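These are the residues of each chain, in order.
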Amino acid sequence: MGVTRGKLIAFEGVDGCGKSTQLRLLADWLRARGADVLTTREPTDGEHGRRIREMARSGERVAPETELAWFVEDRREHVANEIEPALAAGRFVLTDRYYLSSVAYQGARGLDWREILARSEAEFPPPDLAIVVEVPPERALERVRKRVEESGGVAEPVFEEIELQRGVARVFAALDCPYVVRVPGEGPPEAVHERIAELVESRLAL
Ligand code: TYD
């Protein structure tokens, strides 16, 4: 008898929307209920993912087509080496960004987002649920700036410009996929988490 296939949940949204915190809270919530959970992210920590982060930090601008090609290569590896095996083993997979980030970001950089979406859905397993954490781009960018200042961390100027973030938010808002749900991301993280947990419970029939 085969193992029941696991569930894939993607967290999406503009930079600074709080999706990484929400991913952690949902992982804890699922584990408390006995689930076996893999948490992961894109860009990955693999070769392509590292190259993408270096590019972002250096402020170097590459053509959107090149950017898209790198993210897709990174995703191919991610799906083959981590996501698929975990789903096949019946695990929950929670990923911090997935192909809707390519749709929204490379779409906002001028590529045809509907085409990126169609190609992604043809190549990669669609998520059972994609949770778009919605925060106005201006607010989200403020959070990113604060975080960077406080930690003395490295800003990623290429991806964090306000105009780009507005374009990204517009694409996320326009998506019409049955697996996309939008959650208001403002307010205390615990309150946002409760909304997400409720959604997951009802949409995945837990
Ligand atoms: P981010 O989630 O901010 O990673 P981290 O905070 O761990 O460094 O992702 C880095 C940036 O990459 C972010 O601004 C969104 C962008 N991105 C794309 O443009 N396309 C994609 O397909 C993905 C996965 C990310």
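Along each chain, residue indices are assigned from 1 in the same order as the chain's sequence is written. Only residues with pLDDT of 70 or above have their local features reported here, since the model is predicted, and side-chain atom pairs are shown and tallied only from 80 upward, although totals for entire chains, interfaces and linings are computed over all residues. Values shown for side chains rest on all heavy atoms present in the structure; no hydrogens or waters enter the calculation.

1. What about the pairing of strand E4 (residues 129-134)?
Phase 1 of the analysis: Counting buried residues in E4 gives five out of six residues, a clear majority hidden from the surface.
Phase 2 of the analysis: When strand E1 (residues 8-12) meets E4, the two strands line up parallel, connected through four bridges. Directly across from Phe-11, in E4, lies its bridge partner Ile-131. A 1.4 Å probe rolled over the protein chains alone gives each residue an accessible area, and that area as a share of the maximum for its type sets the label: buried under 20%, exposed over 50%, partly exposed in between. A helix here means a DSSP run of H or I that spans at least four residues, while a strand means a run of E at least two residues long, and both kinds are numbered starting from the N terminus. Here a strand pair is declared whenever DSSP counts at least two bridges between the two strands.

2. Digging into the site of the ligand
Phase 1 of the analysis: Throughout this document, a residue counts as near a molecule or strand when at least one of its heavy atoms sits within 4 Å of that molecule or strand. Around the ligand sit 15 residues, and of these Asp-15, Arg-75, Arg-97, Ser-102 and Gln-106 come closest.
Phase 2 of the analysis: Side-chain polar atom of Lys-19 to an oxygen atom of the ligand: 3.4 Å apart, as the coordinates give it.
Phase 3 of the analysis: Each polar contact in these results corresponds to two N or O atoms within 3.5 Å; when the atoms are within protein, one needs to be able to donate a hydrogen and the other to accept it, and residues that are neighboring in sequence are counted only if both atoms are side-chain atoms. Interatomic distance of 2.8 Å between a side-chain N/O atom of Gln-106 and a nitrogen atom of the ligand.
Phase 4 of the analysis: Note on areas: Shrake-Rupley, 1.4 Å probe, and residue coverage restricted to the protein chains presented here. Against a free-state accessible area of 540 Å², the protein chains account for coverage of 88% of the ligand.
Phase 5 of the analysis: Elements with a minimum of two residues in the shell around the ligand: helix H3 (64-88) and helix H4 (99-108).
Phase 6 of the analysis: A class-by-class count of the residues in the shell around the ligand yields four nonpolar, three polar and eight charged. Under the convention adopted here, Pro, Cys and the residues Ala, Val, Leu, Ile, Met, Phe, Trp and Tyr are nonpolar, Asp, Glu, Lys and Arg are charged, and Gly plus all remaining residues are polar.

3. What to know about the environment of Gly-185
Phase 1 of the analysis: Residue placement: Gly-185 occurs in the loop between strand E5 (180-184) and helix H8 (189-203).
Phase 2 of the analysis: Overall, the relative accessible area of 6% leaves Gly-185 in the buried class.
Phase 3 of the analysis: Separated by 68 residues in the primary sequence, Gly-185 and Leu-117 place their C-alpha atoms 24 Å from one another.
Phase 4 of the analysis: A contact between two residues is defined here by any heavy atoms of the two lying within 4.5 Å. Filtering out sequence-adjacent residues up to four positions away, Gly-185 remains in contact with Cys-17, Val-133, Glu-134, Val-135, Arg-143 and Val-192.

4. A look at unusual backbone geometry
Phase 1 of the analysis: The residue after Glu-42, namely Pro-43, is reached through a cis peptide bond having omega -10°.
Phase 2 of the analysis: Within the fold, Pro-43 resides in the loop between strand E2 (37-41) and helix H2 (47-58).
Phase 3 of the analysis: A positive phi angle is found at Arg-97, which is not glycine, with a value near 80°.
Phase 4 of the analysis: Inspection of the secondary structure assignment puts Arg-97 in the loop between strand E3 (92-96) and H4.
Phase 5 of the analysis: The buried category is assigned to Arg-97, whose relative accessible area is 11%.
Phase 6 of the analysis: A positive phi angle, close to 50°, is found at Ala-205, a residue other than glycine.

5. Let's talk about the pairing of E1
Phase 1 of the analysis: Taken across its five residues, E1 has five buried, putting it largely inside the fold.
Phase 2 of the analysis: Bridge count between E1 and E3: four bridges; the pairing is parallel. In the sheet register, Ala-10 faces E3, and the bridge partner there is Thr-95.

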